[in-house]
Amino acid sequence: MSKQGPVQRKLRKSASRNQYLGKDETKRFDITSDKRNKKFDDLPIIYFVTPTYPRREQVAELTRLGQTLMHIVNLHWIIADDVPTCNTMIGKLLKKFGIPFTHIASPMPDVYRKSSVVPRGVANRRAALGWIRKNIHSGVLYFGDDDNTFDLELFDEIRFTKKVSMFPVGLIGDYSVSSPVLMEGKVIGFFDSWPAKRKFPVDMAGFAVNIGFLLSHPHATMPYKAGYEEDQFLVSLGLKLEDIEPKGNACTEILVWHTQTTKKPASTIRISQPTDNSLKVLLENLKYLGMAQSSTSKGAQGLLTKDGATKQL
Ligand code: UGA
Ligand code: MN
């Protein structure tokens, strides 16, 4: 018997799941066809807003996300970095993906950085909202953090959002999910382990907004209030429960995950002598990427290992 490759296995698994759910398989498989070089002028543009900030993991996160977004047509990526001026290293990285993008420097005001619960990504999203209000008339807005995981199907689901669409987000809180709950196709409430008196207890990645609808609410904005950013933004849009367009197979499937990367400070590597081998440029690159720096006096001792024996660098 011939061995099944990963693609065959995936198709089989997906097919059996679709049968179980009674789904239309043609729509499912359509997403795997290569659309990158075709024109889709009639499709609304998705404005994908990503807050980001400098830390050891930043380039890894943006590389993974950029390479997800490369699969999506008619998408404009707005990357708003929590820095005073645009970082050229990040600018160069963004060009690599070939996706239309806007790079914004949007530092968090110092007063919020010092607060006990920091409203992460708010200055960034507010700056992106300002850019959209000034430059864009139609399309769909989506807030996708740099460390989340996105199924390509999500983009087909949100692209035709009329006002606000909503769907489950995986790996949130004590339920491992946050989702609207439906009854006969209508939202009757929310399943989220941290209600906190919110009208819309949803995650930032759990909704998309039509830009025409956003523009019809000129004062809608996101507050600097940790934990309440999504809720108060949606309330400021005058959203009603009956306006919500459920997605993700009627809020039963996970198409986005709130993955989190373990964060560690950039490494300091102790290297006493100048190196004349490939490490010289590798270490320069690590510094450029914000991952590590070398020092002659402190940090983890640099070692060169050969045949199990080590030599201090
Ligand atoms: C959760 C939600 O998924 C976020 O959408 C929400 O903004 C955040 O909580 C919050 O309310 O504080 P979480 O994974 O806990 O997110 O937070 P991070 O992923 O660390 O930060 C959210 C976004 O803000 C990320 O895209 C991150 O790159 C950015 N960020 C974080 C900054 O721009 N500056 C920071 O100092 C920290
Ligand atoms: Mn996160």
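Residues numbered from 1 in each chain as written. Chains lettered and ligands numbered in written order. Predicted model: local features only at pLDDT ≥ 70, side-chain atom pairs only at ≥ 80, totals over all residues. Heavy atoms only, no water.

Turning our attention to the overall build of the protein chain. A count of helical and extended segments in the protein chain gives 11 helices and 17 strands. Looking at the protein chain residue by residue over its 313 residues, the buried ones come to 42%. Counted over contacts in the protein chain with a minimum sequence separation of 6, partners at least 24 positions apart contribute 72%. (Helix = DSSP H or I, 4+ residues; strand = E, 2+ residues; numbered from the N terminus. Buried < 20%, exposed > 50% of the residue type's maximum accessible area, 1.4 Å probe, protein only. Contact = heavy atoms within 4.5 Å.)

This brings us to the coordination of the manganese ion (ligand 2). For the manganese ion (ligand 2), the full set of protein donor atoms is Asp147 (OD) and Asp147 (OD), and the range of their distances to it is 2.2 to 2.7 Å. Structurally, the position occupied by Asp147 is in the loop between strand E4 (140–143) and strand E5 (149–150). (Donors = N, O, S within 2.8 Å, 3.2 Å for Na, K, Ca; no water.)

The α-helix winds at 3.6 residues per turn, so residues separated by three or four positions along the chain end up facing the same way. If you check helix H6 (residues 122–135), its first and last C-alpha atoms are 20 Å apart, about what 14 residues at 1.5 Å a residue would give, namely 20 Å. Every buried residue belonging to H6 is among Val122, Ala123, Asn124, Arg125, Ala128, Leu129 and Ile132, and all of these are buried. In this structure, the buried side of H6 is in contact with strand E1 (46–52), strand E2 (75–81), strand E3 (101–105), E4, helix H8 (211–215) and helix H9 (229–236). (Expected span 1.5 Å × (residues − 1).)

With that settled, consider the sheet that holds E4. Taken together, seven strands build an open sheet; the order of strands is E3-E2-E1-E4-E10-E6-E11 and the sheet is mixed. Two strands close off the open sheet at either side, each with one partner strand: E3 and strand E11 (244–246). Sheet twist, expressed as the mean angle between neighbouring strand axes with direction ignored, is 25°. Relative to E4, E1 runs parallel, the two sharing four bridges. Paired with Tyr47 across the bridge in E4 is Leu141. Lying over the sheet, helix H4 (residues 88–96) contacts E2 and E3, oriented at roughly 165° with respect to E3. (Pairing = 2+ DSSP bridges. Axes fitted to C-alpha atoms, helices over the stretch in contact; angles between N-to-C directions.)

Residues Val140 and Tyr142 point to one face of E4 and Leu141 and Phe143 to the other, with burial holding for every one of them. Relative to strand E10 (residues 207–210), E4 is paired through three bridges, and the arrangement is antiparallel. Within E10, the residue paired with Leu141 across the bridge is Val209.

With that settled, consider the side chain of Asp192. With respect to the helices and strands, Asp192 occurs in the loop between strand E9 (186–191) and E10. Here Ser178 takes part through its side chain, which lies 2.7 Å from a polar atom of the side chain of Asp192. Reaching out from Asp192, the side chain makes a polar contact with the side chain of Arg198 at a distance of 3.3 Å. Excluding residues that lie within four positions of it along the chain, Asp192 makes contacts with Ile172, Tyr175, Ser178, Arg198, Pro201 and Val202. (Polar contact = N/O pair within 3.5 Å; in protein donor to acceptor, adjacent residues only side chain to side chain.)

So, about the confidence of the model for the protein chain. Per-residue confidence for the protein chain averages 90 on the pLDDT scale, and 88% of its residues sit at or above 70. Throughout residues 1–32 the model reports pLDDT below 50, and contacts reaching past four residues in sequence, or to other chains, amount to 24 contacts. (pLDDT = per-residue confidence, 0-100.)

The next subject is the site of ligand 1. The local shell around ligand 1 holds 20 residues, among which Pro51, Asp82, Arg125, Asp145 and His258 are the closest. Taking Thr52, its main chain carries an N or O atom lying 3.3 Å from an oxygen atom of ligand 1. Here an oxygen atom of ligand 1 sits 3.4 Å away from a polar atom, N or O, in the main chain of Gly121. Isolated, ligand 1 exposes 680 Å² of accessible area, and the fraction of that covered by the protein chains is 91%. Of the residues contributing to the shell around ligand 1, the split by class is five nonpolar, six polar and nine charged. (Near = heavy atom within 4 Å. Areas by Shrake-Rupley, 256 points an atom, 1.4 Å probe, with all protein chains shown as cover. Nonpolar A, V, L, I, M, F, W, Y, C, P; charged D, E, K, R; others polar.)

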